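Coordinate analysis (summary)
Listed here are the chains, written in short residue letters.
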Amino acid sequence: MVRPLLPVPGWMRGRGGQPEAYCHRAILDAVRYLVDNGIKWRATPADFPPWDRVYAFFRRWRDHGLVTEFHDRLRGQVRVRAGRDAEPTAAVIDSQSVKADAVVGVDSRGFDGGKLINGRKRHVVVDTLGLLLGVMVTTADVGDRTAAKVLLQRVANVHHRLELVWADGGYTGSLVGHCQAALALVLQVVKRSDDRRFVVLPKRWIVERTNAWLMRTRRLGRDYERRTTSAQAMVYWSMILLMTRRLARQHPQPA
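The sections below set out a description of the structure shown in this document. (Residues numbered from 1 in each chain as written. Predicted model: local features only at pLDDT ≥ 70, side-chain atom pairs only at ≥ 80, totals over all residues. Heavy atoms only, no water.)

A word on the packing of aromatic side chains. Aromatic ring pairs are reported here in terms of the distance separating the ring centres and the angle at which the planes meet. Scanning the entire structure with this criterion turns up seven aromatic pairs. Where W41 meets Y55, the ring centres are 5.1 Å apart and the plane angle is 75 degrees; that geometry is what we call edge-to-face. Here Y55 lies in helix α2 (residues 51-63) and W41 lies in the loop between α1 (24-37) and α2, a separation of 14 residues in the sequence. According to the relative accessible area criterion, Y55 is partly exposed, its value standing at 25%. Three or more aromatic residues joined by ring pairs form one cluster here, namely F57, W61, F70 and W237. The ring of W166 has K203 lying over it, and the distance from NZ or CZ to the ring centre is 4.8 Å. (Phe/Tyr/Trp six-rings, centres within 6.5 Å; stacked < 30°, edge-to-face > 60°. Helix = DSSP H or I, 4+ residues; strand = E, 2+ residues; numbered from the N terminus. Buried < 20%, exposed > 50% of the residue type's maximum accessible area, 1.4 Å probe, protein only. Lys NZ or Arg CZ within 6 Å of the ring centre and 35° of its normal.)

All right, on to the packing of α2 against helix α7 (residues 228-250) then. In helix packing, the relevant descriptors are the interaxial angle and the interaxial distance, both defined with respect to the helix axes. Packing of α2 against α7 brings their axes to within 10 Å, and their N-to-C directions diverge by 100 degrees. The angle between α2 and α7 falls in the class roughly perpendicular. Contacts between α2 and α7 pair F57, F58, W61 and R62 from the former with T229, S230, A233, M234 and W237 from the latter. For the contact of α2 with α7, the residue count by class is six nonpolar, two polar and one charged. (Axes fitted to C-alpha atoms, helices over the stretch in contact; angles between N-to-C directions. Parallel < 35°, antiparallel > 145°, perpendicular 65-115°, else oblique. Contact = heavy atoms within 4.5 Å. Nonpolar A, V, L, I, M, F, W, Y, C, P; charged D, E, K, R; others polar.)

Before going further, it helps to examine the nonpolar core. Of all hydrophobic cores here, the largest spans 45 residues; its most connected members are W61, F70, L132 and W237. Counting only elements with at least two residues in this core, the list comes to α1, α2, α3 (66-81), β1 (90-99), β3 (117-126), β4 (132-139), α6 (204-216) and α7. The residues touching L132, leaving out its near neighbours within four places in the chain, are H71, R75, V124, V125, V126, V235, Y236 and M239. If you look at the next biggest cluster of nonpolar residues, it comprises 20 residues, including V165, A167, C179 and L185. (Core = buried A, V, L, I, M, F, W, Y, C linked by side-chain atoms within 4.5 Å.)

With that settled, consider the environment of K99. As for its placement among the helices and strands, K99 is situated in strand β1. On the basis of relative accessibility, which here comes to 46%, the residue K99 falls in the partly exposed class. For the pair K99 and N118, spaced 19 residues apart in the sequence, the C-alpha separation amounts to 5.6 Å. Ignoring sequence-local partners within four residues, the contact set of K99 consists of I117, N118, G119, R222 and D223.

You can see D168 is positioned in the loop between β5 (164-167) and α5 (174-183). Buried charge without a salt bridge: D168, with R204 as the nearest opposite-charge side chain at an N-O distance of 4.5 Å. Separated by 3.0 Å, the side chain of D168 and the backbone nitrogen of G170 make a polar contact. Residues contacting D168, with those up to four places away along its chain left out, are D94, V189, V190 and R204. (Lys, Arg positive; Asp, Glu negative; His and termini not counted. Salt bridge = Lys/Arg side-chain N within 4 Å of Asp/Glu carboxyl O. Polar contact = N/O pair within 3.5 Å; in protein donor to acceptor, adjacent residues only side chain to side chain.)

Structure, rendered in structure tokens:
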């Protein structure tokens, strides 16, 4: 189902280079297995291609933006099959702080005083289906408004139909005016109810559900990546895993 959405290798376009020795299907399954089960690269089962070849594939896709390209094509297909336009007009933004493993250096980790977490923070923008539009991983001490200026700029440059973004109370202040003036986006803050009982807040529950989806993949339960670019790629792979499963449920294979 996803074969037509995969980026075409350079050697198949006549741009030189040697043909790849391993099937893309096997390598994709190996990366999905790693993300879902949270194993080390060297612990990749022998049923898959050698771990160093799988990691080389992951690194190449990470550095050349191919994982983002594949993810975005897959997201468009999921949206169309759900009866939506491929490009969204509304989004939701939020952040999630996670603990960092010992392999994460002090230069790319920080302390989130609000959540009391020493690690990193994932800033995500999702559509109204909860599918990822953009992600940025920073140290946990980076403020939501500071990261949102950069992330929303990236998202707006790619998704030109985007008009409205919902957010929680952490995104108030000058960010609202900045989005309107610089990005032509309406940032609407959904405030928490004064009622002490737990209530589902409109629109904010969408991105909270996405954060819960990410935590279901064991590789993202804690940040194990030495580089923030690898951490961002893992988030994209987690959503690829989610969307491929959704497509498989909608179109089961014949017996």
